[in-house]
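Listed below are the residues making up each chain.
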Amino acid sequence: MARSSYSRQRPMGGGFELFAWYFMRISGLLLVLMALGHIVIMHIINSVEVINYAFVARRWAVPFWRVYDWILLALGVLHGSNGIRVVIDDYVHHRGWRAFCTSALYVLAFVLLVMGTEVLLTFTPGV
Amino acid sequence: MKVELFIRRFNPETDTKSRMVRYEVEVEPTDRLLDALNAIKWYQDGTLTFRKSCAHGICGSDAMLINGVNRLACKVLIKDLGDRITVEPLRGFRVIKDLVVDMEPFFAAYRSVKPYLINDEPAPRTERRQSPEERERFDDTTKCILCAACTTSCPSFWANEDYIGPAAIVNAHRFLFDSRDRGAAERVDILNSKFGVWRCRTIFNCADACPRGIEVTRAIQDVKRFLLNARI
Ligand code: SF4
Ligand code: FES
């Protein structure tokens, strides 16, 4: 716990931290509303039994729902990964490990985002 | 009444690890914990080491971990603690001896926010006037006694000692929201950094811990909003 020196580190990267904090507030709010909308459509208006491939295909025939789902995806991934970034920042102190964890996180978030986007863009009902 | 005290002790000259030592003292239920500690130090074991000065909750010397929460030993009464009381040093600072911790990192963080009035405009012929409303804006944060109860109750601070901590932010708030102060620009760099207010995860431990009843978490939130409005 002892600090090696009493001098404090120079502040840095302030603008990004402020933006990240604000983003978490806004995206959190949007996610609650949009996820509720998603639940209402998928579980309340339509019972789970009727949801199948054809149902999703019909829904995605309307561009609005593709955009809706993409925003949900993007906000979910970014909000979630920023949360994990903050946890890593708090608890992983070793520089090497921190660089490793953060990079792994960014790669994972990127892959998820790209995969989801790809499906949303290229999906064509097969049957 | 008789109470048992379990005090976490550490002597840097002989110990490698701290240990809990049990004491028994005769006290009144309306005595403060500080009275019990003094009774031990004066009549049982003079080597027990702790800080205290005013004994009236205003100097901020004797914040410690009492029954698991940060309190001032001179402010908390025995009757509110029960007859088995644990006393430990504040968490997150190096222990110098027994209940005395190294407060220097705490004051380094305090100094980093420039906790004094900054205004280089020419002095007016009379005083710099302030309306009651303007004074009210930062009234809560003027009450800080720098006891460190808030900072050492903060999990974010335990996890990362480079976080300047709630107390430093409270004292920045004291001047940021003072209508006579012009030093905001000199303070925002540290407050707006990774080790400034953005380390706060809104856990509220600080507000619970403050012996002065300062709404610490609200003050931090005020500073976050201040930075947001300043940058957008
Ligand atoms: S804000 Fe309260 S708990 Fe924190 S240092 Fe000041 S008086 Fe102590
Ligand atoms: S001795 Fe001064 S605050 Fe407790």
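Refer to the structure presented above.
Only a predicted model underlies this, so the values are computations on that prediction, with no experimental measurement involved.

### Considering the sheet that holds strand 1 (residues 2-9) of chain B
Residue and element names in this part refer to chain B.
Stage number 1. Taken together, the 5 strands give an open sheet; going across it, the order is 2-1-5-3-4, and neighbouring strands pair in mixed fashion. Strands at the two margins of the open sheet, each flanked by one partner only, are strand 2 (19-26) and strand 4 (69-72). The mean angle between the axes of side-by-side strands here comes to 35°, regardless of whether they run parallel or antiparallel.
Stage number 2. Note: strand 3 (residues 63-66) against strand 4, 4 bridges, orientation antiparallel. By the bridge assignment, Met-64 is partnered in strand 4 with Arg-71.
Stage number 3. Of the strands in this sheet, strand 1, strand 2, strand 3 and strand 5 (84-88) are in contact with helix 1 (residues 33-43), which crosses strand 1 at around 75°.

### Some remarks on the site of ligand 1
Stage number 1. What surrounds ligand 1 is a group of 13 residues, the closest being Cys-144, Ile-145, Cys-147, Cys-150 and Cys-210 of chain B.
Stage number 2. Here the shell around ligand 1 is composed, by residue class, of 12 nonpolar, no polar and 1 charged.

### Some details on the packing of helix 5 (residues 165-176) of chain B against helix 6 (residues 184-191) of chain B
Angle between the axes and distance between the axes: these two values describe a pair of packed helices.
All names here are of chain B.
Stage number 1. Two elements in contact, helix 5 and helix 6, have axes whose closest approach is 11 Å; the angle formed by their N-to-C orientations is 155°. Looking at the two axes, helix 5 sits roughly antiparallel to helix 6. Two packed elements cross with a definite hand, and for helix 5 against helix 6 that hand is left-handed. Here helix 5 contributes Ile-169, Ala-172, Phe-175 and Leu-176 to the contact with helix 6, which in turn contributes Ala-184, Arg-187 and Leu-191.
Stage number 2. The residue makeup of the contact of helix 5 with helix 6, split by class, is 6 nonpolar, no polar and 1 charged.

### Focus: unusual backbone geometry
All names here are of chain B.
Stage number 1. Positive phi is not limited to glycine here, since Lys-114 has a value of about 50°.
Stage number 2. On the basis of relative accessible area, Lys-114 is assigned to the partly exposed category, the value being 26%.
Stage number 3. In this structure, Leu-146 is a non-glycine residue whose phi angle is positive, near 55°.
Stage number 4. Here Leu-146 lies in the loop between helix 3 (132-136) and helix 4 (155-159).
Stage number 5. Take Leu-146: its relative accessible area is 18%, and that puts it in the buried class.

Definitions and limits used
Residues numbered from 1 in each chain as written. Chains lettered and ligands numbered in written order. Predicted model: local features only at pLDDT ≥ 70, side-chain atom pairs only at ≥ 80, totals over all residues. Heavy atoms only, no water. Pairing = 2+ DSSP bridges. Helix = DSSP H or I, 4+ residues; strand = E, 2+ residues; numbered from the N terminus. Axes fitted to C-alpha atoms, helices over the stretch in contact; angles between N-to-C directions. Contact = heavy atoms within 4.5 Å. Near = heavy atom within 4 Å. Nonpolar A, V, L, I, M, F, W, Y, C, P; charged D, E, K, R; others polar. Parallel < 35°, antiparallel > 145°, perpendicular 65-115°, else oblique. Left-handed = near helix turned anticlockwise from the far one by under 90°. Buried < 20%, exposed > 50% of the residue type's maximum accessible area, 1.4 Å probe, protein only.

Nothing here speaks to function; it is all geometry.
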